[in-house]
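# Structural overview for review
One letter stands for each residue in the lines below.
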Amino acid sequence: MVRMGPDVPLLNEYKQEFFWKRFPQTVLGGPRFKLGYCAPPYVYVNQVVLFLTPWLFGGIGTLLCQLQLLQELHATVLSGMLMFGAAAGVQALALYAAQRSGTVERLGAPNILVDEEDVEFTHFVSPETVQFIAPGKRFGLNVVLHTMLAGVLCGFGTWYVFLGRLTALYGSIGISLVVFVLSWVTLCIAEYSLIVNTATETATFQAQDTYEITPLTRPLYIFIFIAVDVADRFSGPVPELQLASQILHVLFLFLPLLWALGILPPLDALLLWGMEQALVFGLGGSPMSSNLRLLLMFGISAGVAVCNYFIPSTLGVVLFSISTGFLLSLDLSQIGTLRRGPRAAFGDRGLRRGGSPPPPPSSFGWTLGCRELLLYLSLFLVAMAEAGLLHYFLGSAQSQSWVTGPQAPVSYLLLILFGCCWALREIQGAYVFGGVFLNPLYPKGMSNVQTFKQRNRGLYIAAAIRRVLLYLVSPFAMIAFLSMDKSLHLLHRVSLSVGFTRAFRVVWQNSEDALLQMVVVVLVRLAAGNNTLPGWDNLGTGVQLLLVGLLIDRLTQFLTKLKFTLTVLVTSWTEKKQRRQSAGTLLALNASLCPLLLAVVTLSALLSAPLLPLFTLPIFLVGFPRPQRSWPGPVGTACPCPDSIFYQQMSGSLASALRTAFARGSLGSLAPGSHFLGRFQDRMVWIMILERGYGYCTVNIKGLELQETSCHTVEARRVDEVFEAAFERPERLGFTQGFNLHWGNALTPCAALAVRVYSDARNVLSGIIDSHDNLRKLQDDFLKALVWLLLRYCVQKHKGFLWSNEEGPGVGGRRSQSSQLVQTTCNPPAEAVMVESNVSSLRFRQDSSSLTSFGDWSDEDDLFGPQPARRTVALVTAEAQPGHTALQTGASLPGSVEMDSLFENMALSALQPLQPLGLGIGMPAVDKGRISEVFRESPGSLPQLNFNCPQSEVFNLPTAWRTVPLLPSRLLQLRSLFPEDWFRFTLGRFGHAVQGETSEDMTKALKEDDALKELHAQVALSCLISLGAESAFTSPSYVYRLYCGDIPWTEGLDWLSSSKELYQLALRAFRFSFKLLFDQASLGPMESPEEFFSTLEEYERDWYIGLVTEKGWHDSVLQEKPFLFSLGHDLAMGTYTGRVLSLQEQLVQVGRLNGEGVRGQWANLSWELLYATNDDEERYSIQAHPFMLRNLTVQAADPPLGYPIYSSAPLHFPCL
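Residues numbered from 1 in each chain as written. Predicted model: local features only at pLDDT ≥ 70, side-chain atom pairs only at ≥ 80, totals over all residues. Heavy atoms only, no water.

## A look at the overall build of the protein chain
Helix and strand content of the protein chain: 40 helices and 13 strands. When the 1216 residues of the protein chain are sorted by exposure, 53% land in the buried category. With the model as given, the accessible surface of the protein chain reaches about 53600 Å², and the carbon-plus-sulfur share is 62%. (Helix = DSSP H or I, 4+ residues; strand = E, 2+ residues; numbered from the N terminus. Buried < 20%, exposed > 50% of the residue type's maximum accessible area, 1.4 Å probe, protein only. Areas by Shrake-Rupley, 256 points an atom, 1.4 Å probe, with all protein chains shown as cover.)

Here you go:
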């Protein structure tokens, strides 16, 4: 974010012009009268004629009926047939225009300065004019369907607004004429949208209307109104239907206003919302995590209610309802997954659909084993036996007085259970009484995880008691209450059948809510005493519970919406950065229209629709009803980036922690649609409850971006302040300190969860990497680390673990750990991880200044075709010597001229540099009789190694590693640098690892094998020279380049890079040596070879030392490597930084968000981006808001409107 504050525009100038073009089209159903450019008059005349055509045909039918020339039915058919013919004509013209415009090709270059909406009109029926007015349909089926619907709509609409019918309803000619005229305006709008041109709806649910469903939206609502009128006409004199028809005829006039305001949902949202509401409040189910699950569950649950209606025996109804309610409240879709274990439940779905979090710890419910089956089977059988026996013996024994009947003791038990469960749940969180007061029993201080767990032990005991009461005792008490109810004998009524189906289901589906609903019913009966409440008692207990559940839900929504409304109103003035010039005017309007504001909030709560703050200003509208998930797409869509792996890694452990918190009640009541926010260091986790049942919960975990933008920083700072006030409070609280000072914030802290996450520490290496003392030590540590890795390589090769020489696909030719093994019979070891290099033609960085980087300058895409491949002298020599691996072809300098030499196609620039005739001139005097065979100057074939110990063959190195194109004299000069004592010590340690019980003589012989020692010395020193590290390191920039694999060209670099395994070992040895430098500078020097050896073992086992950009870093995070280290360079500050990731159990602070505030902001986001197309990155509605957390809420929306960097697929986990 660049600009912040109240001066940020709501809509920029271009979007404002676009909006005022689009909105009149939406109001009128599609006619475009505001174009922004000059158009011929016939364009407007044609649209007016098409708009009034249904009124004309309907008027003909109405006139003939009023003149008694035709009966109502015949006039209806006539109007419908005329409209059908007109619609068919419009579609034929649109099809003809599309064919003509598709075959005509205009010459001339297009003018890119002309507005994209400009159309060149030639005459009133030209193809351009027809396509502009009536674009036509994309699918032939829709052409037929929409044409037929247009005729049916016009016919029934004529019948719906006949003057005789209106006069009969209202008894006044004047009122009937007004209703008649305005009703035809509504019909003309719907007809135009259906058949001519469909306007963009303000109530947009899908980003794209793929199947042309939008044209059907407005006709559908008209058909609903007509259906009520038809029922009133043919059902006889029913006062309720007649009253409803009168009201709907008046409401029919306001349909254009409701369409323009976006209150009425589109068809797909209406269907999903209707099924969800019916499933939850009518059938006792839960909102589902996907549309398919919702459809299947709704169908099955409705089938259960129908079966209950036709079962003749009340005992059969009770048993059938309990059995189906229990089974449907379980997550039966996960049976196959749970049988395969928790890893299958968190299987690899790819990063785009939520990644593959590691499986949570094994505990009850993560797998479907014998104990789980035994528990569920026991609950099922006990519930069936209890219900059957109680209903059979006591169901018909109800006395006239409810107080003295068998239900009375159970009722008092329900009251006690509710009080205990509520109190035990309330003390589990950081706040009590709706987040108003701090909980004095909650542990203070969050410094240590173990200390926090110990202080929380008393709450754990209370949570265990609550779980037993809520999940094991309460369901059976509620079943007993329902089984003995006398209204079961009046079951064969639709309302009672649905009510008891829901009641027996919700006992298991949501035990906590069911207990509250039954307590309310019991309290009403206790308040009435022996008096009867005729209207209430006649409903029956099942319907009473249904109404109480609906009332509690709507009341809860009203209160949360009202809190959100007050937050927006108050902060629009109190927050200076939110105070716009119009703030005072808007506050005055809301105050003067307070009843209207309360009516808007009430209507949105009754419809279970989001309360939409327009542009997040205190201008409140009722958004269209939609499912609790708010978005139409599948759960798990994200905008991944490199930081996504941190959320992907922690999601498995977080799911396990959430499972425990849900079971204990630490996060409060768990209703689907609830939102939670977790905070740890720079990470923000957004948690949404998707589905809830008996013993399971389905959630979606999202990760928000880690980049510190200004808006993100402002809201993150406020989130930290809110959590600090709750969790880091003093030991003793005063009276004023006991209140939640952030009660008006959208976030209410709940609990702290112990989660295995990576702690990120960054250090500036000034004084370490630029210290000459440290750099001088780096060379010695590098040789020691390389010797250790070479010997370990031999051990792993002997045991059968070795990585492949081939480079696989990926960035920089990198391969994952799992694809780098050639022969393994068990899990790959941790050491078989390839360290990636970045050299250009040799997989190095392309911006390297080395000669090899000039390979990118070659003209590979020559116009004259590919040139024959040239071979270097090294390549020819290698081909002549069997057993040698081919070296990579060296690249020539840019601009150089290559000449064919005597060596076939070999480039002269690739020849080895000429050596002086006297190789020994100027060199130190060396006793050649003491030179080992390894260092003997023999440019021909390599000598045969003669080991003194038979065990030395295990530690022999590949022959290709001895073909270094360096003078032996150069190696002899550096021979003193080779750490012989360290080599013998390491060889002794690895010798035991290879042979197990090795005798002392064998170990001594192995250490005294000079040929083996000189072999490793040659390879180690050759790597040292090839990396340009012959002298001590003096430049931090050179160290950083070597660490990154950006190695400047040296004489032996081509040899080193030709062997991938040796290159990886050398690069890893250098990174190990730098990590040793870092540790010794921080913790002190190593005091013994044993400590040095154990440190290297720890690096190989527990550390990934590399770069953040490497695939190995990504894989190590997902595999939960205990530690990761990376070296970085801050170009802006000119400093080098070290980054250490440590995997440990940390406390993640979690708080509950105002769910209605989230839904309202998401509704505004949907309207603003899909309808107003306001995608400005600096728009007002995305700016930071410390109370509403507006920027974080926008980020957490599903793409393409939001941009979370991680989003898990629906995670199903147990919460018993």
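## Here we look at the nonpolar core
The biggest cluster of nonpolar side chains holds 78 residues, and the ones touching the most others in it are Phe955, Trp961, Phe1074 and Leu1096. For this core, the leading source of residues is helix H28 (residues 772-799), giving 14 residues. If we ignore the near neighbours within four places in the chain, the residues touching Trp961 are Leu790, Tyr793, Val1019, Trp1055, Ser1059, Glu1061, Leu1062 and Leu1065. Judged by nonpolar contacts, the second largest core, of 74 residues, contains Leu459, Ile645, Phe676 and Ala751. (Core = buried A, V, L, I, M, F, W, Y, C linked by side-chain atoms within 4.5 Å. Contact = heavy atoms within 4.5 Å.)

## Some words on the packing of helix H5 (residues 140-160) against helix H7 (residues 173-195)
Two elements in contact, H5 and H7, have axes separated by 10 Å at closest approach and are oriented at 175°. In terms of their interaxial angle, H5 and H7 are classed as roughly antiparallel. Counted together, His146, Thr147, Leu149, Ala150, Leu153, Cys154, Gly157 and Thr158 of H5 and Trp184, Leu187, Ala190, Glu191, Leu194 and Ile195 of H7 form the full contact between these two elements. For the contact of H5 with H7, the class distribution of residues is nine nonpolar, four polar and one charged. (Axes fitted to C-alpha atoms, helices over the stretch in contact; angles between N-to-C directions. Parallel < 35°, antiparallel > 145°, perpendicular 65-115°, else oblique. Nonpolar A, V, L, I, M, F, W, Y, C, P; charged D, E, K, R; others polar.)

## Considering empty space enclosed by the protein
Rolled over the atoms, a probe with the dimensions of a water molecule shows which regions are left empty. Per the counting criterion, the structure on display carries 15 cavities of 30 Å³ or more. Volume-wise, the largest cavity comes out at about 100 Å³. As for the largest cavity, its lining consists of 14 residues, and the residues nearest its centre are Phe564, Ala746, Asn1154, Gly1157 and Met1188. Among the elements of the structure, helix H23 (541-574) and helix H39 (1155-1171) are those that each provide at least two residues to the lining of the largest cavity. In this structure, the second largest cavity occupies an estimated 80 Å³ of space. If you trace the second largest cavity, you find it lined by Arg629, Trp631, Gly633, Val635, Gly636, Met688, Leu690, Asn700, Lys702, Trp1162, Asp1198 and Ser1207. Elements represented by at least two residues in the lining of the second largest cavity include exactly strand E6 (683-693) and strand E7 (696-703). (1 Å grid on protein atoms, 1.4 Å probe; cavity = no way out; pocket = protein on both sides within 12 Å on 5 of 7 lines; lining within 4 Å. Points joined across faces, edges and corners; volume = space filled by probe spheres on them.)

## Description of the packing of aromatic side chains
According to the stated counting rule, one finds 50 aromatic pairs in the structure shown. Centre to centre, the rings of Phe19 and Phe23 are 5.7 Å apart; their planes meet at 20°, and the pair counts as stacked. Of the two residues, Phe19 and Phe23 both sit in helix H1 (residues 13-28), four residues apart, roughly one turn of that helix. The class for Phe19 is buried, based on a relative accessible area of 11%. Here the aromatic rings of Tyr471 and Tyr694 are separated by 6.3 Å at their centres, their planes lie at 70°, and the arrangement is edge-to-face. Of the two residues, Tyr471 sits in helix H19 (residues 457-483) while Tyr694 sits in the loop between E6 and E7, which places them 223 residues apart along the sequence. Each member of the pair, Tyr471 as well as Tyr694, carries the same accessibility label: buried. Each member of the aromatic cluster is reached from another via a ring pair, and the members are Phe19, Trp20, Phe23, Phe615, Trp1167 and Tyr1171. The ring of Phe18 carries the charged tip of Lys15 above its face, separated from the ring centre by 6.0 Å. (Phe/Tyr/Trp six-rings, centres within 6.5 Å; stacked < 30°, edge-to-face > 60°. Lys NZ or Arg CZ within 6 Å of the ring centre and 35° of its normal.)

## A short note on the environment of Leu1169
Its place among the elements puts Leu1169 in helix H39. Note: C-alpha distance between Leu1169 and Pro1200 (31 residues apart in sequence) is 9.6 Å. In contact with Leu1169, not counting residues within four places along its chain, are Asn1174, Arg1179 and Leu1201.

## Considering helix H26 (residues 644-664)
Along its 21 residues, H26 runs 30 Å from first to last C-alpha, staying within 8% of the 30 Å computed at 1.5 Å per residue. Considering bend angle alone, the principal kink of H26 is centred on Ser651 and spans about 40°. With 19 of its 21 residues buried, H26 lies for the most part within the structure. Positive backbone phi, approximately 85°, marks Gly665, located one or two places after H26. (Expected span 1.5 Å × (residues − 1). Bend = angle between axes of the 7 residues up to and from the residue.)

## Topic: the pairing of E7
Among the eight residues of E7, eight are classified as buried, and the element is accordingly described as predominantly covered. Inspection of the sheet shows E6 paired to E7 by eight bridges, in the antiparallel sense. Opposite Trp686, over in E7, you have Lys702 as the bridge partner. Linkage of E6 to E7, two consecutive antiparallel strands, is achieved through a turn of two residues, within which Gly695 is found at a positive phi near 80°. (Pairing = 2+ DSSP bridges.)

## Side note on unusual backbone geometry
Here the amide bond leading from Pro1199 into Pro1200 is cis, since omega sits at 10°, within 30 degrees of zero. With respect to the helices and strands, Pro1200 occurs in the loop between helix H40 (1190-1195) and strand E12 (1206-1207). Backbone geometry at Thr616 places phi at a positive 60°, although glycine is not the residue there. Structurally, the position occupied by Thr616 is in the loop between strand E3 (611-613) and strand E4 (620-622). Residue classification places Thr616 among the buried positions, given a relative accessible area of 5%. Positive phi, normally seen in glycine, also occurs at Gln681, with a value near 50°. On the accessibility criterion, Gln681 (36% relative accessible area) is partly exposed.

## So, a nonpolar patch on the surface
A cluster of nonpolar side chains, contributed by Leu73, Val77, Met81, Phe84, Val144 and Met148, occupies part of the molecular surface with about 590 Å² of accessible area. Counting only elements with at least two residues in the nonpolar patch, the list comes to helix H3 (72-103) and H5. Among the secondary structure elements, Phe84 is positioned in helix H3. For Phe84, a relative accessible area of 34% corresponds to the partly exposed category. (Patch = residues over 30% accessible without salt bridge, like charges linked within 9 Å, V, L, I, M, F, W, Y side chains within 5 Å. Salt bridge = Lys/Arg side-chain N within 4 Å of Asp/Glu carboxyl O.)

## Re the confidence of the model for the protein chain
Averaged over all residues, the pLDDT of the protein chain is 81; the fraction at 70 or higher stands at 80%. Scored below 50 in pLDDT, residues 103-116 makes four contacts in the model with residues more than four places away or belonging to other chains. Below pLDDT 50 for its whole length, residues 803-940 participates in 214 contacts with residues either more than four positions away or in separate chains. (pLDDT = per-residue confidence, 0-100.)

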